[in-house]
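# Observations on the three-dimensional arrangement
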Amino acid sequence: MSLFWIPVLLLIGVFVPLITERFGRTACAFFTMLAPALALTQIATLLPEVLSGQTITESLAWIPAVGLTLSLRLDGLAIMFAMLILGIGLLIILYARYYLSDKDAMGRFYAYLILFMTAMLSIVLSNNLLQLWMAWEVTSISSFLLIGFWSSKSESRKGARMALTVTGAGGLALLAGLLIIADIVGSYDLGTVLASGNMIREHAMYPVALILVLLGAFTKSAQFPFHFWLPHAMAAPTPVSAYLHSATMVKAGIFLLARMYPVLAGTELWFLTVSLTGLATLLLGAYVALFKHDLKGLLAYSTISHLGLITLLLGMDTKLAAVAAVFHIMNHAIFKASLFMAAGIIDHESGSRDMRKLNGLWRYMPYTATLAMVAAASMAGIPLLNGFLSKEMFFAETLHQVALGSLSWMIPVLATLGGIFSVAYSLRFIHDVFFNGEPIDIPKTPHEPPRYMKIPVEILVTLCLLVGIFPSFMIGSLLQAASSSVLDGQLPEYSLSIWHGFNLPLLMSFIAMTGGLLVYAYRSRLYRFQSQFRETDAKLIFEGAVQALVRQATALHEWMANGSLQRYVALLLVLTLIMTASPLMELNSAAGHLPLQDVNGIEITAAILLCISALATVILHRQRMVALITLSVVGLIVSITFARFSAPDLALTQLAVEVVTVILLMLALFFLPQKTKNESSPRRVVRDLGIAAACGGVIATINYAIITRPFESISEFFLANSKTGGGGTNVVNVILVDFRGFDTLGEITVLGIAALGIFKLIARMRLAMPSADEKGRPWSEDRHPLILAMISQSLLPLALLVSAYIFLRGHNMPGGGFIAGLITSVALIQQYIAHGVDWIKPRIKVDYQWLIASGVLIAALTGAGSWLFGKPFLTSWFDYFDIPWIGEIELASAILFDLGVYLTVVGATLLILANLGKLTTRYRPTVEE
Amino acid sequence: MEALYVFCVGMLTFCGIFLCLRGRTFPVVLGLTLLSYAVNLFLFSSGRLQLDGAAILGISDSYTDPLPQALVLTAIVIGFAMIAFVVILAMRARADLGNDFVDGREPPDADQAIKPTRGKV
């Protein structure tokens, strides 16, 4: 069976509890356990292979084009974690069956739990950096759901949000770090990355990558100063705490450190950062744990402390330290899970977690008490228990440290100090809860839990004992395989025996135990000392920081997006200026190598006219009618410019569009105020002038740089193939209707859509119609001057004829569908102006919407027609025919396409203008029309 | 010649952008029109400025670049559709909102800081 089945099986398992919830709680728990159990069996069958030193990898191409593969890897480290995750996960499912009350949504709880388990397992099995990161993020999200499971409680929501924020932010840092590493190595494949340790460590970006990856690991593993989220995550149901804070979640960070150990470790920076962070976390956690009155609070800080211990071990410069770290990962997972479960039982059966109230429970639940005491003793590092072994190794390793130079002696001393507090809080867990008088004022009379609720604890405690007494037999080979993958195969000599003779580590253990006893005995003095400090609530500080961030972000957002178009446009322009100015500054000179052409008087005159009329439009823009006239002058000169520089098609188009635009704007002006008030503050005017001038300057510079440089164009192709391939000599038109016909089809569709949109806007418009102009003069009574009416009427056939001529010759000479359409439109609009809608309406019975639709349809069908001949869409066809008396003529399919263009342009233009004109008449468009 | 040409393009851009930054709709429409002239001339000039050339086969020795011409031709028509849409939108906005400010409301004093109204925590 493939490795891929393991995560897939678990993923399917997410839905099992949701489906089986209806069959009752026990059945639900049973079925939920199936998927992890199967996965664990599958892992177990692979165990011998992995223990013999092999690494099983499998990959599945996902998006090979960008180097993304789904890839799994099962080596010693991965299999150790996988067994912890699945094994403890199974026990947690059993435990939660009895822990959750009838009111809790059990199916949902199990679904979250399995989802989390899947994500966690995907992290450890991942053989690809991005895949690892994805799974990492899923653990953040699913742990958020688990911590906030009792979502009606405020502290659950806050705790969940804090955990998500801290670990999520760390996840982003991790992503950046992993991307840098992948960039250095050139691959996301973990195998490749692990083999390129030297390349990464010697790279200039190594410190950045290291810090980013460490940020991800430290936030997840609750290392100082990011430890504050972990105690608040205790708002979760206890099974969740037992799972998240023993074998999973917080161990993900540790796993990452161990996974990247062959690549990132081995430098001064690694040792200093990791070991000092670990040491600080170890001491802080151990010290604070002693003062927590909440059972879970104590365990939370003890978890922080032990995570610090593992981190410190990974940050030490000896191979044996890494072995000890791996060993302690296992031991801590086992005893901490059982302790959390025991705390949950106590909470469940007595109704309180406050150690000031809980006393003397030994008499009520001796069996649970025994289990809890063994586990707590393991946490304290008492001989014959697993915690003792790894702690002994830890003490031994602290003695060999040189990372702090002459100050290195501090490490063992501080480690012993941490050990003292560790013993003290373990002692408190035992003595304060199970002995020390009678329970005070607790809600329930404590009693032993249901039989099966104890089973998970029993199993784990048995493991504590077995590993503690027969270490090499129980986990020797697993530890060897796991450590070997952390150390890249170079395993040091070590011995797992319980007795190493009288030596310094044993003395340190002894000091820790005696010291712990003393500290616990005199704890009331310590409490008094500690009570002088004001307790800071991390939740408040965190919420305050988040709110401050949101306030600042809101303020920034309100400043940028204040609903003012002017501000948006100005900001966009300034940004564009910044982006374009910097590459322009790198350009040595705007002028290129092309020889400049001479200027003659006409051109200078045209340019002056253009500039004057453009400036006049700006200066006079408050008198809207005058500005419109000056604007039309600009348009005319632009049209002349096109004619001057060998573009007759453009000149014709511009001329026709100019007429239509000015008529349109004039019509619009009838409904809009005739003048603009002077509203801009001088400051605003200066700012806008500045932005506009800078933009103008930049555009002119870019344009100059372009047109003075030689270029290679693809136009040679069009020139060469226009006649032979498209059958026309007007290359511009052939490009439009043939080479780039698909673009044109899109453009006329857009034109049609715009016209229909305008029609829709006009249809519901309720405008006040001014009865007089702004000076109070009534509109002229002579609405349709006779001379204008007569001349335009007689011009119409001529105009239509010209239009038809332009249309027909367009393929070979300047002209074509666009221009012909515009000329027809202008001629018809002329009739509207001269005669009025009342006169036109009975005479032109064309529906313009229909015209647009048929135009687009004709063009599209012409294109589709080529399918009939087995050619691609829009393949054109042409041939020459000899017709008697007329001579040889050319027929091309492109002319049909051009007809479509023509009809659309006519339809769109008239739909816009005629309907706008009709607004003042009884033919005004309505929604129904 | 080239310098004169780009000066005109720059001038049109300047005038267009300045008008686009006004607070009432009609000047913005005028500005957009000027800006579209500038854009069309700019695009057109990417085929370089050529006198007495042609994009018609067989009538001249020197050909101009037909591609920018074809692109600008459609750009002119689409530009017209855009101007038409914007100006009708402006009319509609005035009909529905009762003013012709681009923001649809009296602008707050431009230089005053705007107090946050949304997104309170």
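Residues numbered from 1 in each chain as written. Chains lettered and ligands numbered in written order. Predicted model: local features only at pLDDT ≥ 70, side-chain atom pairs only at ≥ 80, totals over all residues. Heavy atoms only, no water.

If you check an unreviewed UniProt entry, chain B appears there as Na+/H+ antiporter subunit C from Lacimicrobium alkaliphilum. What the UniProt record of chain B gives under Subcellular location (unreviewed entry) is the line "Cell membrane". Among the UniProt annotations of chain B, the heading Sequence similarities (unreviewed entry) holds the following wording: "Belongs to the CPA3 antiporters (TC 2.A.63) subunit C family." (UniProt positions renumbered as here; feature names shortened; annotations may be inferred.)

In the annotation of an unreviewed UniProt entry, the entry for chain A reads Monovalent cation/H+ antiporter subunit A, and the organism field reads Lacimicrobium alkaliphilum.

## Points about the overall build of chain A
A tally of regular secondary structure across chain A gives 37 helices and 4 strands. Evaluated residue by residue, chain A yields a buried proportion of 53% over its 929 residues. For chain A, the accessible surface area stands at approximately 39800 Å², while carbon and sulfur atoms represent 68% of it. (Helix = DSSP H or I, 4+ residues; strand = E, 2+ residues; numbered from the N terminus. Buried < 20%, exposed > 50% of the residue type's maximum accessible area, 1.4 Å probe, protein only. Areas by Shrake-Rupley, 256 points an atom, 1.4 Å probe, with all protein chains shown as cover.)

## Some words on the overall build of chain B
Within chain B, the secondary structure is distributed over 3 helices and 0 strands. Ordered by position from the N terminus, the helices and strands of chain B form the series α-α-α. Split into buried and exposed, the 121 residues of chain B put 60% on the buried side. Here the analysis covers contacts within chain B between residues at least 6 apart in sequence; of these, 49% occur between residues at least 24 apart. Carbon and sulfur atoms make up 61% of the accessible area of chain B, which amounts to about 4600 Å² in all. (Contact = heavy atoms within 4.5 Å.)

## Things to note about the packing of helix H17 (residues 366-380) of chain A against helix H19 (residues 410-434) of chain A
Residues and elements named next belong to chain A. Put simply, H17 and H19 touch, their axes get as near as 8 Å, and they point 170° apart. Accordingly, the angle class assigned to the pair H17 and H19 is roughly antiparallel. In contact with Ala369, Ala372, Met373, Ala376, Ala377, Met379 and Ala380 of H17, H19 contributes Ser422, Val423, Tyr425, Ser426, Phe429, Ile430 and Phe434. Partitioning the contact of H17 with H19 into residue classes produces 12 nonpolar, 2 polar and no charged. (Axes fitted to C-alpha atoms, helices over the stretch in contact; angles between N-to-C directions. Parallel < 35°, antiparallel > 145°, perpendicular 65-115°, else oblique. Nonpolar A, V, L, I, M, F, W, Y, C, P; charged D, E, K, R; others polar.)

## Observations concerning the pattern of salt bridges
All names here are of chain A. According to the stated counting rule, one finds 18 salt bridges over all chains in the structure shown. With its nearest N and O atoms 2.8 Å apart, the salt bridge here joins Asp743 to Arg740. Three or more residues joined by partner-sharing salt bridges are found here, namely Arg73, Asp75 and Arg259. (Salt bridge = Lys/Arg side-chain N within 4 Å of Asp/Glu carboxyl O.)

## Some points on unusual backbone geometry
Residue and element names in this part refer to chain A. With omega at 5°, the peptide bond leading from Phe224 into Pro225 counts as cis. As for its placement among the helices and strands, Pro225 is situated in the loop between helix H10 (206-220) and helix H11 (229-232). Phi angles above zero are rare outside glycine, and Met249 is one such case at about 40°. Inspection of the secondary structure puts Met249 in the loop between helix H12 (238-244) and helix H13 (250-264). Here Asp441, not a glycine, exhibits a phi torsion of approximately 55°, which is positive. Along the chain, Asp441 falls in the loop between H19 and helix H20 (451-469).

## A few points about the UniProt feature "transmembrane region" (unreviewed entry) in chain B
All names here are of chain B. As recorded in UniProt, the feature "transmembrane region" (unreviewed entry) lies at residues 6-21, 28-47 and 67-91. From the first C-alpha to the last, residues 6-21 spans 22 Å; its make-up is 94% helix and 0% strand. Here residues 28-47 is 90% helix and 0% strand, with 30 Å between the C-alpha atoms at its ends.

## Quick word on the interface of chain B and chain A
Interface size, as often reported, equals the accessible area lost upon joining of the parts. Listed by partner, the interface residues are 85 residues for chain B and 121 residues for chain A. Carbon and sulfur atoms make up 75% of the area that chain B and chain A hide from each other, which totals about 9400 Å². Run the count over chain B and chain A and you get 2 salt bridges. Between A:Asp688 and B:Arg22 there is a salt bridge whose closest N-O contact spans 2.2 Å. Viewed at the interface, chain A and chain B are joined by 21 residue pairs in polar contact (both at pLDDT 80 or more). Only helix H1 (2-20), helix H2 (25-45) and helix H3 (66-97) of chain B provide two or more residues apiece to the side of chain B that touches chain A. Among the elements that make up the side of chain B that touches chain A, the one with the highest residue count is H3(B) (23 residues). Of the residues in the side of chain B that touches chain A, the class split is 57 nonpolar, 15 polar and 13 charged. (Buried area = accessible area lost by both parts, 1.4 Å probe. Polar contact = N/O pair within 3.5 Å; in protein donor to acceptor, adjacent residues only side chain to side chain.)

## Quick look at H3(B)
All names here are of chain B. Between its first and last C-alpha, H3 extends 46 Å over 32 residues, near the 46 Å set by a 1.5 Å rise per residue. Of the residues that open H3, the one with a side-chain oxygen 3.2 Å from the backbone nitrogen of Leu67 is Asp65. Downstream of H3 by a residue or two, Gly98 has a phi angle that is positive, lying close to 80°. (Expected span 1.5 Å × (residues − 1).)

## Topic: the packing of aromatic side chains
Between two aromatic rings, the relevant description is the distance of the centres plus the angle of the planes. Throughout the structure, instances matching the rule amount to 25 aromatic pairs over all chains. Here the aromatic rings of A:Phe81 and A:Phe255 are separated by 5.0 Å at their centres, their planes lie at 80°, and the arrangement is edge-to-face. Residue A:Phe81 is found in helix H4 (residues 76-99), and its partner A:Phe255 is found in helix H13; the two are separated by 174 residues along the sequence. For the pair formed by A:Phe81 and A:Phe255, the shared burial category is buried. Between A:Phe642 and B:Phe44, the ring centres sit 5.1 Å apart and the planes meet at 90°, which makes this aromatic pair edge-to-face. Placement of the pair is A:Phe642 in helix H27 (residues 624-644) and B:Phe44 in helix H2, with the two residues belonging to separate chains. Residues A:Phe642 and B:Phe44 agree in their burial class; the two are buried. A cation over a ring is seen here: A:Arg97 above A:Tyr98, with NZ or CZ 4.6 Å from the ring centre. Taking NZ or CZ as reference, A:Lys220 lies 4.9 Å from the ring centre of A:Trp136, over its face. (Phe/Tyr/Trp six-rings, centres within 6.5 Å; stacked < 30°, edge-to-face > 60°. Lys NZ or Arg CZ within 6 Å of the ring centre and 35° of its normal.)

## Points about the packing of H13(A) against helix H16 (residues 319-350) of chain A
All names here are of chain A. Contact geometry of H13 with H16 gives a least axis separation of 12 Å together with a crossing angle of 155°. Taken together, the axes of H13 and H16 are roughly antiparallel relative to one another. Here H13 and H16 pass one another in a crossing that is left-handed. In this structure, H13 contributes Lys251, Ile254 and Tyr261 to the contact, and H16 contributes Ala322, Ile329, His332 and Ala333. Across the contact of H13 with H16, the residue classes break down as 5 nonpolar, 1 polar and 1 charged. (Left-handed = near helix turned anticlockwise from the far one by under 90°.)

## A closer look at the state of the cysteines
Enumeration according to the criterion identifies 0 disulfides over all chains in this entry. Take B:Cys15: it sits in no disulfide, and the sulfur closest to it among the cysteines is that of A:Cys611, at 7.9 Å. (Disulfide = S-S within 2.5 Å.)

## Re the environment of A:Leu210
All names here are of chain A. Within the fold, Leu210 resides in helix H10. Taking the C-alpha atoms as reference points, Leu210 and Leu178, separated by 32 residues in sequence, lie 9.2 Å from one another. When residues no more than four places from it in sequence are discounted, the contact partners of Leu210 are Leu264, Leu269 and Trp270.

## A short note on a nonpolar patch on the surface
Residues and elements named next belong to chain A. A cluster of nonpolar side chains, namely Leu384, Leu465, Leu466, Ile469, Phe470 and Phe473, defines an oily patch on the protein surface of about 560 Å² accessible area. In terms of residue count, the dominant contributor to the nonpolar patch is H20 (3 residues). Tracing the sequence through the fold places Phe473 in helix H21 (residues 471-486). (Patch = residues over 30% accessible without salt bridge, like charges linked within 9 Å, V, L, I, M, F, W, Y side chains within 5 Å.)

## Quick word on the nonpolar core
Most often, soluble globular proteins have nonpolar side chains that are buried together. The biggest cluster of nonpolar side chains holds 197 residues, and the ones touching the most others in it are A:Leu74, A:Ile181, A:Trp229, A:Leu264 and A:Trp270. Counting residues per element, this core draws most heavily on H16(A), which supplies 20 residues. Of all hydrophobic cores here, the second largest spans 125 residues; its members include A:Leu664, A:Ala755, A:Ile912 and B:Tyr5. (Core = buried A, V, L, I, M, F, W, Y, C linked by side-chain atoms within 4.5 Å.)

## A look at the side chain of A:Ser722
Note on placement: A:Ser722 falls in helix H30 (residues 715-726). Residue A:Ser722 is classed as buried on the basis of its relative accessible area of 0%. A polar atom in the side chain of A:Ser722 sits 2.7 Å from the backbone oxygen of A:Gly728. Excluding residues within four positions of it along the chain, A:Ser722 makes contact with A:Gly727, A:Gly728, A:Thr729, A:Val731, A:Val734, A:Phe739 and B:Leu57.

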